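Each chain, letter by letter, is given below.
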Amino acid sequence: MAQLGWNEGRDYIIDARYGNGVMQALPKVAAELLSTNPDIIVTTSESSIKVLAESTSTIPIVFGVANDPVKLGFAHSLQRPGRNVTGFTNSAPELGAKRLQLLKELAPRLKHVTLVFQQNDLASASQLDDIAKAASVLGLQVVQSAVRQATDLESAFKRGAESGTHGYILTTGPLFNIHRYALAQYVSKSKAPAVFSHTLYAEAGGLLSYSPSYTDNFRRAAGYVDKILKGVKATDLPIETPNKYELTVNLRTAKAARIAIPKSILLRADRIIE
């Protein structure tokens, strides 16, 4: 916003609200936020978008990382959203397949994969079908392991170990973001390869992550905020896909788990944590 000529405190005020990964808290958070009558709302992904879009049809809403806003009914189309909601996707349907391909490249004998997802989060649950389709093409068996709250995390990986899983793939989800260090530890204990959905997970100790640059998405979201505050309607701003993607490899984790990272992956990596 500063690069666009806006000065926080002088030109605008940010009133940040959080659900802290608790889905049941979102309606109350949204109601409190809307009671302040904001000029514009910037949010993250599906669960918060849904609650906000159901609560107001007039206040512009800009999101930074939605999976499939058209499929989930937040927009009529990417080019013409047709509502007060617009923003940027994270290409999750396509990325599920790419993450599985990376996992297969990492472990060529891979056959059985455990998919860990946040059951009560729209963004997380919406990725299941696409990952299942990709797994079928790659000849992989995917077993789903659902999580609803923090206390479910350890048991999700225990179920994977008991089923004899060869590797893990994890979806996005606010609960996972908050507990990413715990997730990385559970995967590390399993000694099985895993691919995560955000660079933050690799930074927390996860083996491998592949995702859009969320930082770049939100910088672009600032551009939409700038336009809307200058009079452009949200419905006239197309929903756009990511410009940048990031492949991150944590070599420290790989060495601890005695997992050899193929040179083909290392050469493509945008970032290597040593």
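Residues numbered from 1 in each chain as written. Predicted model: local features only at pLDDT ≥ 70, side-chain atom pairs only at ≥ 80, totals over all residues. Heavy atoms only, no water.

### Topic: the overall build of the chain
We count it as follows: For helices the rule is a DSSP run of H or I covering at least 4 residues; for strands it is a run of E covering at least 2, with both sets numbered from the N terminus onward. When we talk radius of gyration, it's over C-alpha atoms, and the globule rule is simply 2.2 Å times the number of residues to the 0.38. Three exposure classes are used, based on accessible area relative to the maximum for each residue type with a 1.4 Å probe and protein chains only: buried under 20%, partly exposed in between, and exposed over 50%. Note on contacts: a residue pair qualifies if any of its non-hydrogen atoms lie within 4.5 Å across the two residues. Per-residue and other accessible areas follow the Shrake-Rupley method at a 1.4 Å probe size, with only the shown protein chains counted as cover for residues. Only four residue types enter the charge count, namely Lys and Arg as positive and Asp and Glu as negative; His and the chain termini do not. Charged groups are reduced to one reference atom each: NZ for lysine, CZ for arginine, CG for aspartic acid, CD for glutamic acid.
When its secondary structure is counted, the chain shows twelve helices and ten strands. On C-alpha atoms alone, the chain measures out to a radius of gyration of 19 Å, which is about the 19 Å that the 2.2 N^0.38 rule sets for 274 residues. Here the C-alpha coordinates of the chain stretch approximately 55 × 35 × 35 Å along the principal axes. For the chain, the proportion of its 274 residues judged to be buried stands at 51%. For the chain, restricting intrachain contacts to residue pairs at least 6 apart in sequence, the fraction spanning at least 24 positions comes to 67%. Only carbon and sulfur atoms are counted for the fraction: they give 51% of the accessible area of the chain, which is about 13,300 Å². Side chains of the chain carry 31 positive and 24 negative charges; the gap between the two charge centres is 7 Å.

### Considerations on the sheet that holds strand S3 (residues 85-89)
This is how it is decided: If DSSP finds at least two bridges between two strands, the strands pair. Angles shown run from 0 to 180 degrees and are taken between the N-to-C directions of axes, each axis being a line fitted to C-alpha atoms and, for helices, limited to the stretch in contact.
Spatially, the three strands line up as an open sheet ordered S1-S2-S3, and their pairing is parallel. Sheet topology places strand S1 (41-43) and S3 at the edges, where each strand pairs with a single neighbour. Within the sheet, the average angular offset between the axes of one strand and its neighbour, ignoring direction, is 15 degrees. Here S1 runs beside strand S2 (residues 61-66); their pairing, made up of three bridges, is parallel. Bridge pairing in S2 links Thr43 to Phe63.

### Overview of the packing of aromatic side chains
Rule in force here: Classification of ring pairs uses Phe, Tyr and Trp, with its six-membered ring standing for Trp, and accepts pairs whose centres are within 6.5 Å; under 30 degrees between planes counts as stacked, over 60 as edge-to-face, and the remaining range as tilted.
Scanning the model with the defined rule gives five aromatic pairs in all. Here Phe88 and Tyr224 contribute two aromatic rings whose centre-to-centre distance is 4.8 Å and whose plane-to-plane angle is 40 degrees, an arrangement assigned as tilted. Taken as a pair, Phe88 in strand S3 and Tyr224 in helix H10 (residues 214-229) lie far apart in primary sequence, 136 residues in all. For Phe88, a relative accessible area of 1% puts it in the buried group. Put simply, the rings of Phe157, Tyr168 and Tyr186 touch in pairs and so form one group of aromatic residues.

### Focus on empty space enclosed by the protein
Quick reminder of the rule: Throughout, the protein atoms alone are placed on a 1 Å grid, and a set of points is a cavity if a 1.4 Å probe fits but cannot get out or a pocket if it is open with protein on both sides within 12 Å along at least five of seven lines; lining residues have an atom within 4 Å of a point. Grid points are joined across faces, edges and corners, and a volume is the space filled by probe spheres set on the points.
All chains considered together, the criterion is met by two cavities of 30 Å³ or more. Space inside the largest cavity adds up to approximately 60 Å³. Forming the walls of the largest cavity are Ala184, Val187, Ser188, Ala192, Phe196, Gly205, Gly206, Leu207, Thr253, Ala257 and Ile259. Ranked by residues supplied to the lining of the largest cavity, first place goes to helix H8 (residues 180-190) with three residues.

### So, the layout of surface pockets
Under the convention used in this document: Charged residues are taken to be Asp, Glu, Lys and Arg, nonpolar residues to be Ala, Val, Leu, Ile, Met, Phe, Trp, Tyr, Cys and Pro, and polar residues to be all remaining types, Gly included.
Taken as a whole, the largest pocket holds about 1,600 Å³ of empty space. What lines the largest pocket is a set of 49 residues, among which Arg17, Tyr18, Val42, Thr43 and Thr44 lie closest to the centre. Taken together, the elements giving at least two residues each to the lining of the largest pocket come down to helix H1 (26-34), S1, helix H2 (46-55), helix H7 (174-178) and H10. Looking at which element gives the most residues to the lining of the largest pocket, the answer is H10, with six residues. Looking at side-chain class alone, the lining of the largest pocket contains 27 nonpolar, 16 polar and six charged residues.

### Quick look at the nonpolar core
For clarity, the cut-off: Only buried residues count toward a nonpolar core, which is a set of Ala, Val, Leu, Ile, Met, Phe, Trp, Tyr and Cys residues joined through side-chain atoms within 4.5 Å.
One finds Leu100, Leu208, Ile261 and Ile265 to be the most contacted residues of the largest nonpolar core, which totals 29 residues. Broken down by secondary-structure element, the contributors of at least two residues to this core are helix H3 (92-106), strand S4 (112-118), helix H5 (128-138), strand S8 (208-212), strand S9 (245-250) and helix H11 (251-256). Here this core takes five residues from H3, the largest share from any one element. Those residues in contact with Ile265 that sit more than four places away from it in its chain are Leu102, Glu105, Leu106, Leu208, Leu247 and Val249. Among the nonpolar cores identified, the runner-up in size contains 18 residues, and Met23, Leu26, Leu33 and Ile49 belong to it.

### Some remarks on the sheet that holds strand S7 (residues 194-196)
Where strands meet in a sheet, backbone hydrogen bonds hold them as pairs that are either parallel or antiparallel. Strand order in the open sheet formed by seven strands is S5-S4-S6-S7-S8-S9-S10, with mixed pairing between adjacent strands. The sheet terminates laterally at strand S5 (141-147) and strand S10 (271-273), the two strands that pair on one side only. Averaged over all pairs of adjacent strands, the angle between their axes in this sheet comes to 20 degrees, without regard to strand direction. Pairing between S9 and S10: three bridges, direction parallel. Along S10, the bridge assignment pairs Thr248 with Arg271.

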